[in-house]
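If you want the building blocks of each chain, they are given just below.
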Amino acid sequence: MAEDGHGWIVETQHLTKIYRNRQIALNDVTLTLEPGCVLGLLGPNGAGKTTLLRLILGLHRPTAGSVRVFGRLMTPNAADIRRRIGYIPTNPQFPRGMTPISYLDYIGRLFGLPRDVRKPKLATLIRAVDLLPHSGEPIAHFTPGMTARLAVAASLINEPDLLIWDEPTHGLDIEARRSMLELIKQLASEKTLILSSHNLSDVDEVCNYACVLNKGQMIFHGTLQDLKGRIRRNHYELDVDGEHKAISKAVGVLRGLKDFIQVVFRHRRLDVKLGEETPNTALLAQLFQVLHDHKITVISVRTVGMQTEQAYLDLVEREESRGFVRLYPASEAA
Ligand SMILES: Nc1ncnc2c1ncn2[C@@H]1O[C@H](COP(=O)(O)OP(=O)(O)OP(=O)(O)O)[C@@H](O)[C@H]1O
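Keep in mind it's a predicted model, so treat the numbers as computed, not measured. (Residues numbered from 1 in each chain as written. Predicted model: local features only at pLDDT ≥ 70, side-chain atom pairs only at ≥ 80, totals over all residues.)

Quick look at the overall build of the chain
No. 1: Counting its regular elements, the chain contains twelve helices and 14 strands.
No. 2: With respect to the principal axes defined by its C-alpha atoms, the chain has extents near 75 × 60 × 40 Å.
No. 3: The 334 residues of the chain split such that 33% are buried.
No. 4: Long-range pairs, those at least 24 residues apart, make up 70% of the contacts in the chain between residues at least 6 apart in sequence. (Helix = DSSP H or I, 4+ residues; strand = E, 2+ residues; numbered from the N terminus. Buried ≥ 20, exposed ≤ 12 C-beta atoms within 10 Å, placed from the backbone. Contact = placed C-beta atoms within 7 Å.)

Shown next, in the form of structure tokens:
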């Protein structure tokens, strides 16, 4: 639990970072994180994500504004606060000649863990990240997935309350990415996490809060539901089975219903766009009733377009066009 009066794990106030008096990497970001939140940090390349993470970690000094972590002011000297944070940078690198055991033992020693605590902890962590069969192999031979799992183990050795992971699924294949996401979900039940990512489906799966940066400015901060709620696409795809004639008839009936804006049947797939006026549950109920009346079987149903991705793109696009209008008067921009 956080130690300050508000209970925030992280609190930034008007946080600003200008590199070398030229590059405004982060501009006036005020953000709070409550305990147990899993924050997805999103934004295009160069948006300021890594800069924000490094400021929270106290690895950079803010040009203006402040960062408090566990209620205390974070500075480059605040090593005792940093000990309670587990950090993984993008593409973590390890001494190639070391093995997971020797490396984690070394990190444990850096954290001042006594030998009798260190040894059983190493064994537990190596098992948890599924590296037991490789625990004595040189890291030089590791795949990106194994390296990522070692980074997770290293970031957990000090039993941190806050985890800050910069693009933890970057460069992983499908299987390694899946195991990383499952690990994050397990950890999310007991820790606060900040995950920077370019992968919207990862954020959609594991995060409950999102922060979107664009050109150093925070353009959204709130729950993932809020982010998704900014758009209602009401566009569904159904794989169906039934007699061709019956399906054609059902399509005709659906097209005649109010608020069924588009109904297309192609390659055993029904593509349905619904209006915004009527609650979508009522319209979906009508849809299924019509299919049932025509003895059509529904094999699968899904929404078209990933909501988080669409909401994110809408936000960034809107912000970009605002910047364009700001730069050029409307008459020139046209
Ligand atoms: N040490 C530095 N010195 C000068 N400029 C920097 C430095 N680090 C980052 N920048 C600049 O600050 C801006 C924000 O960079 P940052 O790495 O924080 O973005 P990011 O959102 O993490 O990008 P990416 O998704 O590509 O990793 C960029 O324009 C970058 O070029």
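Now that the structure has been shown, we can carry on.
A short note on the sheet that holds strand β3 (residues 38–42)
No. 1: Strand order across the open sheet formed by six strands is β6-β7-β8-β3-β9-β10, with mixed pairing between neighbours. Two strands lie at the open edges of the sheet, namely β6 (85–88) and β10 (217–223), each paired on one side alone. For this sheet the average axis-to-axis angle between neighbouring strands, irrespective of direction, equals 15°.
No. 2: For β6 and strand β7 (residues 162–166), the ladder comprises four bridges, and the chain directions are parallel. Opposite G86, over in β7, you have L163 as the bridge partner. (Pairing = 2+ DSSP bridges. Axes fitted to C-alpha atoms, helices over the stretch in contact; angles between N-to-C directions.)

So, the site of the ligand
No. 1: Taken together, Y19, R20, Q23, A25, G43, N45, G46, A47, G48, K49, T50 and T51 make up all the residues around the ligand.
No. 2: Every element with two or more residues in the shell around the ligand is listed here: β2 (23–33) and α1 (49–56).
No. 3: Tallying contributions element by element places α1 first for the shell around the ligand, with three residues.
No. 4: Split into classes, the residues belonging to the shell around the ligand amount to three nonpolar, seven polar and two charged. (Near = placed C-beta within 6 Å. Nonpolar A, V, L, I, M, F, W, Y, C, P; charged D, E, K, R; others polar.)

Description of the confidence of the model for the chain
No. 1: Mean pLDDT over the chain: 88, with 92% of residues reaching 70 or higher.
No. 2: The secondary structure element of the chain with the lowest average pLDDT is helix α12 (residues 330–333), at 40, and the one with the highest is strand β4 (residues 64–69), at 97.
No. 3: The low-confidence segment residues 324–334, where pLDDT is below 50, has four contacts with residues more than four positions distant or belonging to other chains.
No. 4: What the predictor reports for the complex is a pTM of 0.78 with an ipTM of 0.97. (pLDDT = per-residue confidence, 0-100.)

Some words on α1
No. 1: Burial analysis of α1 places six of its eight residues in the buried class, which makes it a mostly covered element.
No. 2: Within the sequence span of α1, burial applies to K49, T51, L52, L53, L55 and I56.
No. 3: The first or second residue beyond α1 is G58, which carries a positive phi of 75°.

Some remarks on the domain arrangement of the chain
No. 1: Its domain assignment divides the chain into domain 1 (10–229) and domain 2 (235–303).
No. 2: Distance from the C-alpha centre of domain 1 to the C-alpha centre of domain 2: 44 Å. (Domains from an automatic or database assignment.)

Some details on the environment of F111
No. 1: Along the chain, the position of F111 falls in the loop between α3 (100–110) and α4 (115–128).
No. 2: Each C-alpha atom of the pair F111 and N21 lies 35 Å from the other, and the pair is 90 residues apart in sequence.
No. 3: Those residues in contact with F111 that sit more than four places away from it in its chain are R83, I157 and N158.

Notes on the nonpolar core
No. 1: The biggest cluster of nonpolar side chains holds 66 residues, and the ones touching the most others in it are L39, I56, A153, I164, C207 and A210.
No. 2: Broken down by element, the residue count for this core peaks at seven residues, all from helix α5 (residues 144–156).
No. 3: Setting aside chain neighbours within four positions, we find L39 in contact with L33, L193, I194, C207, Y209, A210 and C211.
No. 4: In this structure, L270, L287, V290 and L291 belong to the second largest nonpolar core, which totals twelve residues. (Core = buried A, V, L, I, M, F, W, Y, C linked by C-beta atoms within 7 Å.)

Some points on the pairing of β4
No. 1: By the bridge criterion, five bridges tie strand β1 (residues 10–19) to β4 in an arrangement that is antiparallel. What sits directly across from T16, in β4, is A64.
No. 2: Here β4 runs beside strand β5 (residues 72–73); their pairing, made up of two bridges, is antiparallel. When the sheet's bridge partners are listed, V69 is paired in β5 with R72.
No. 3: Connecting the antiparallel pair β4 and β5 is a turn made up of two residues, with F70 showing a positive phi of about 50°.

What about the environment of F265?
No. 1: Mapped onto the elements of the fold, F265 is located in strand β12 (residues 260–266).
No. 2: With 189 residues separating them in the primary sequence, F265 and P76 have C-alpha atoms 61 Å apart.
No. 3: In this structure F265 touches I247, V251 and L270, once residues within four positions along its chain are discounted.

A word on helix α10 (residues 280–293)
No. 1: For α10, built from 14 residues, the straight-helix expectation of 20 Å at 1.5 Å per residue is met to within 8% by its first-to-last C-alpha distance of 20 Å.
No. 2: Residues of α10 that are buried include every one of L283, L287, V290 and L291, and no others. All buried residues of α10 project into a common sector of 100° when viewed along the axis, lining one side. For α10, exposure combined with an orientation more than 90 degrees from the buried face picks out T281, A282, A285, Q289, H292 and D293.
No. 3: If you follow the buried residues of α10, they end up packed against β11 (235–241), α9 (244–255), β13 (269–274) and β14 (297–303).
No. 4: Just downstream of α10, K295 is the residue with a positive phi angle, here 55°. (Expected span 1.5 Å × (residues − 1). Arc of directions from axis to C-beta.)

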